[in-house]
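Below are the chains, spelled out letter by letter.
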Amino acid sequence: MMKSQIDNEVIKLSEERQKLYEKYLENNLKNKKTKTLKFGLFSFSAVGIKSKQESYDLLFESVKYADQNGFSSIWTPERHFDKFGGLYPNPAVIAASIAAITDNINIRTGSTVLPIHNPLETAESWSMVDNISNGRIGLGVAPGWHPSDFVYSPSTYVNRREVLFERLETLEGLWSGNRLKITGVNNTTENLKIYPEPIQKELPIWITSSNNIKTWERAGELGKNVLTALLGQQTIEELANNIKAYKSKLLEYGHDDNKEITVMIHTYLGRSNEVVKTEIRDSFIKYLKVHMEQYRHELLGKEIKVDTLGFSDHDEDSLAIFAFERYFNDRTLLGSKEKCLPLLEELRGIGVTEIASLIDFGMPNNKVLDSLEILNELKQEVNNEF
């Protein structure tokens, strides 16, 4: 039953992808777009899919390549006490390391979990990184969801969404030079200002949202950028509706609509779809299994519309294979440039301004760096930079 379901879904997705490319050739090649689509990199590696040193080496080597070839940004997450993303428990530390070896690329978090942090500490740390980078940092901020992250602040877990926006307001005030009155030792009142003062007068902020339209609308009300992902929780149609609601709120609250909408997408490019699929299959499935441990296979099953009730170990392996086929054929930059072009044009057409390519899902470092060469070609082709 499970294998038959996978086979049928794979055939359907392959046919849909071919139709998209044919539509792209028919409609888009004749009318070149003029709006630039930015390309950044995203690191969200899992512990154990390769050695820790290899993972950090890939981050630094890929960032240096991106810095020298006109990529817009590098994003790193915040995750505590979990294999998935566990290489990045302190995004300020890794950002300072990146700042020291780059000159141009913007350095961002995807995402800082503000409800577990004192906004004073966050403002102070990131102001220092802003100085080290000469004004190149930006923060994706999120309410968080993983209980392990909240061992630092258990009391804020229940109301984490409200706490996020309260602390964001405090953080931005400190960044702009405001002092914060707090109670210090022996109940004394401290009136504190952060040092060093940041380079950037205004801290670039991305509100992280998946398919929660209320979060999109709140970001629009505040006039902030948005960081999202093209995963099972959000189809392109849903993303388009979310962007429409977001832009409506931007205008309603008096903000210009020239904000960044950044979409994280799994990325590995080659000259042939068949070769890419063969190369990445084992690594990506291993990566997905760690992903499933984090979210529980029931949630992943819901995302890709598979009933996981009563799954055996063999069925869970089949689910990972099913997920791989889904990711490869639908809503990823996995394969050839020709396969990926229609998706990029579709995203640009609904208002996406930046692609954040997640590249560190376990492939050998030299292969990923080779893939970046083709991604750079794709970036140039999409934006007519030749």
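In the block above lies the structure referred to throughout.
Residues numbered from 1 in each chain as written. Predicted model: local features only at pLDDT ≥ 70, side-chain atom pairs only at ≥ 80, totals over all residues. Heavy atoms only, no water.

**Observations concerning the packing of helix H2 (residues 52–68) against helix H12 (residues 365–382)**
Okay, so step 1: Running from N to C, H2 and H12 point in directions that differ by 25 degrees, and their axes come no closer than 10 Å. By the criterion of interaxial angle, the relationship of H2 to H12 is roughly parallel. Relative to H12, H2 is oriented so that their crossing is right-handed. For the pair H2 and H12, contact is made by Glu-54, Asp-57, Leu-58, Glu-61, Ser-62 and Tyr-65 and by Asn-365, Val-368, Leu-369, Leu-372, Glu-373 and Asn-376, respectively.
Okay, so step 2: Residues belonging to the contact of H2 with H12 are distributed by class as follows: 5 nonpolar, 3 polar and 4 charged. (Axes fitted to C-alpha atoms, helices over the stretch in contact; angles between N-to-C directions. Helix = DSSP H or I, 4+ residues; strand = E, 2+ residues; numbered from the N terminus. Parallel < 35°, antiparallel > 145°, perpendicular 65-115°, else oblique. Left-handed = near helix turned anticlockwise from the far one by under 90°. Contact = heavy atoms within 4.5 Å. Nonpolar A, V, L, I, M, F, W, Y, C, P; charged D, E, K, R; others polar.)

**Details of the packing of aromatic side chains**
Okay, so step 1: Scanning the entire structure with this criterion turns up 14 aromatic pairs.
Okay, so step 2: Ring geometry for Tyr-56 versus Tyr-88: centroids 6.5 Å apart, planes at 90 degrees, classification edge-to-face. With Tyr-56 in helix H2 and Tyr-88 in the loop between strand S2 (73–76) and helix H3 (91–101), this pair connects stretches of sequence that are 32 residues apart.
Okay, so step 3: A relative accessible area of 2% places Tyr-88 in the buried class.
Okay, so step 4: When the ring of Trp-75 is compared with that of Trp-206, the centres are 5.4 Å apart and the planes differ by 90 degrees; the resulting orientation is edge-to-face. Residue Trp-75 is found in strand S2, and its partner Trp-206 is found in strand S7 (residues 205–208); the two are separated by 131 residues along the sequence. Accessibility assignment for this pair places Trp-75 and Trp-206 in one class, buried.
Okay, so step 5: Above the ring of Tyr-157, the side-chain terminus of Arg-160 is found at 4.3 Å from the ring centroid.
Okay, so step 6: If you follow Arg-218 out to its NZ or CZ, it ends over the ring of Phe-165, 4.1 Å from the centre. (Phe/Tyr/Trp six-rings, centres within 6.5 Å; stacked < 30°, edge-to-face > 60°. Buried < 20%, exposed > 50% of the residue type's maximum accessible area, 1.4 Å probe, protein only. Lys NZ or Arg CZ within 6 Å of the ring centre and 35° of its normal.)

**Quick look at the nonpolar core**
Okay, so step 1: In terms of nonpolar packing, the biggest core is built from 94 residues, with Ile-280, Val-352, Ile-355 and Phe-361 touching the most fellow members.
Okay, so step 2: It is helix H8 (residues 273–295) that provides the largest number of residues to this core, a total of 7 residues. (Core = buried A, V, L, I, M, F, W, Y, C linked by side-chain atoms within 4.5 Å.)

**Notes on the packing of helix H11 (residues 337–349) against H12**
Okay, so step 1: In contact at an axis separation of 11 Å, H11 and H12 are set at 45 degrees when each is read in the N-to-C sense. When the axes of H11 and H12 are compared, the pair comes out oblique. For the element pair H11 and H12, the recorded crossing hand is right-handed. Residue-level inspection shows Lys-337, Cys-340, Leu-341, Leu-344, Glu-345 and Arg-348 of H11 in contact with H12, the latter providing Ile-374, Glu-377, Leu-378, Glu-381 and Val-382.
Okay, so step 2: Taken together, the residues of the contact of H11 with H12 sort by class into 6 nonpolar, no polar and 5 charged.

**Some thoughts on the pairing of S2**
Okay, so step 1: Judged by which residues are buried, S2 turns out to be covered on both faces: Ser-73 and Trp-75 on one side and Ile-74 and Thr-76 on the other are all buried.
Okay, so step 2: The sheet contact formed by strand S1 (residues 38–42) and S2 spans 2 bridges and is parallel. Each bridged residue has a counterpart across the sheet, and for Leu-41 the counterpart in S2 is Ile-74.
Okay, so step 3: Viewed along the sheet, the connection from S1 through H2 into S2 turns out right-handed.
Okay, so step 4: Sheet topology note: the S2/strand S3 (residues 106–113) ladder contains 4 bridges and is parallel. Among the inter-strand pairings, Trp-75 is bridged to a residue of S3, identified as Arg-108.
Okay, so step 5: Remark: the S2/H3/S3 crossover connection has right-handed handedness. (Pairing = 2+ DSSP bridges. Right-handed = clockwise from strand over helix to strand, strands pointing away.)

**A closer look at H12**
Residues lying three or four places apart along an α-helix face the same way, a consequence of the helix completing one turn every 3.6 residues.
Okay, so step 1: Between its terminal C-alpha atoms H12 stretches 25 Å, which fits the 26 Å expected from 18 residues at 1.5 Å a residue.
Okay, so step 2: Asn-365, Val-368, Ser-371, Leu-372, Ile-374, Leu-375, Asn-376, Leu-378, Lys-379 and Val-382 are the residues of H12 that are buried.
Okay, so step 3: Packing partners of the buried residues in H12 comprise S1, H2, strand S9 (261–269), H11 and strand S11 (354–358).
Okay, so step 4: At the exit of H12 stands Asn-384, carrying a positive phi of roughly 55 degrees. (Expected span 1.5 Å × (residues − 1).)

**Regarding a nonpolar patch on the surface**
Okay, so step 1: A surface patch of nonpolar side chains, about 360 Å² in accessible area, is lined by Phe-81, Val-151 and Tyr-152.
Okay, so step 2: Mapping Tyr-152 onto the fold places it in the loop between strand S4 (137–142) and helix H5 (160–175). (Patch = residues over 30% accessible without salt bridge, like charges linked within 9 Å, V, L, I, M, F, W, Y side chains within 5 Å. Areas by Shrake-Rupley, 256 points an atom, 1.4 Å probe, with all protein chains shown as cover. Salt bridge = Lys/Arg side-chain N within 4 Å of Asp/Glu carboxyl O.)

**Considering the pattern of salt bridges**
Okay, so step 1: Summed over the entire model, instances satisfying the criterion amount to 16 salt bridges.
Okay, so step 2: When the shortest N-O distance is used, the salt bridge between Lys-337 and Glu-377 registers 3.3 Å. Residue Lys-337 is found in helix H11, and its partner Glu-377 is found in helix H12; the two are separated by 40 residues along the sequence.
Okay, so step 3: For Lys-337, a relative accessible area of 14% gives the class buried.

**What about H11?**
Okay, so step 1: Helix length check: H11, at 13 residues, gives a terminal C-alpha distance of 18 Å against a target of 18 Å (1.5 Å per residue), a fit within 8%.
Okay, so step 2: A large share of H11 lies buried, amounting to 10 of its 13 residues.
Okay, so step 3: Turning to H11, its buried residues number three or more, namely Lys-337, Lys-339, Cys-340, Leu-341, Pro-342, Leu-343, Leu-344, Glu-345, Leu-347 and Arg-348.
Okay, so step 4: Backbone geometry just downstream of H11 places Gly-351 in the positive-phi region, at approximately 115 degrees.

**Thoughts on the environment of Glu-121**
Okay, so step 1: Tracing the backbone shows Glu-121 in helix H4 (residues 119–132).
Okay, so step 2: In the structure, Glu-121 is positioned 73 residues away from Ile-194 in sequence and 9.0 Å away in space, judged by C-alpha atoms.

**A few points about unusual backbone geometry**
Okay, so step 1: Residue Ser-111 is bonded to the preceding Gly-110 through a cis peptide linkage, with omega at 15 degrees.
Okay, so step 2: Of note, Ser-111 is situated in strand S3.
Okay, so step 3: Across the junction of Tyr-195 and Pro-196, the peptide omega takes the value -5 degrees, indicating a cis bond.
Okay, so step 4: If you trace the backbone, Pro-196 turns up in the loop between strand S6 (189–192) and S7.
Okay, so step 5: With a phi angle near 60 degrees, Phe-81 is a residue other than glycine that sits in the positive phi range.

It is worth stressing that arrangement in space is one thing and function is another; only the former is reported here.
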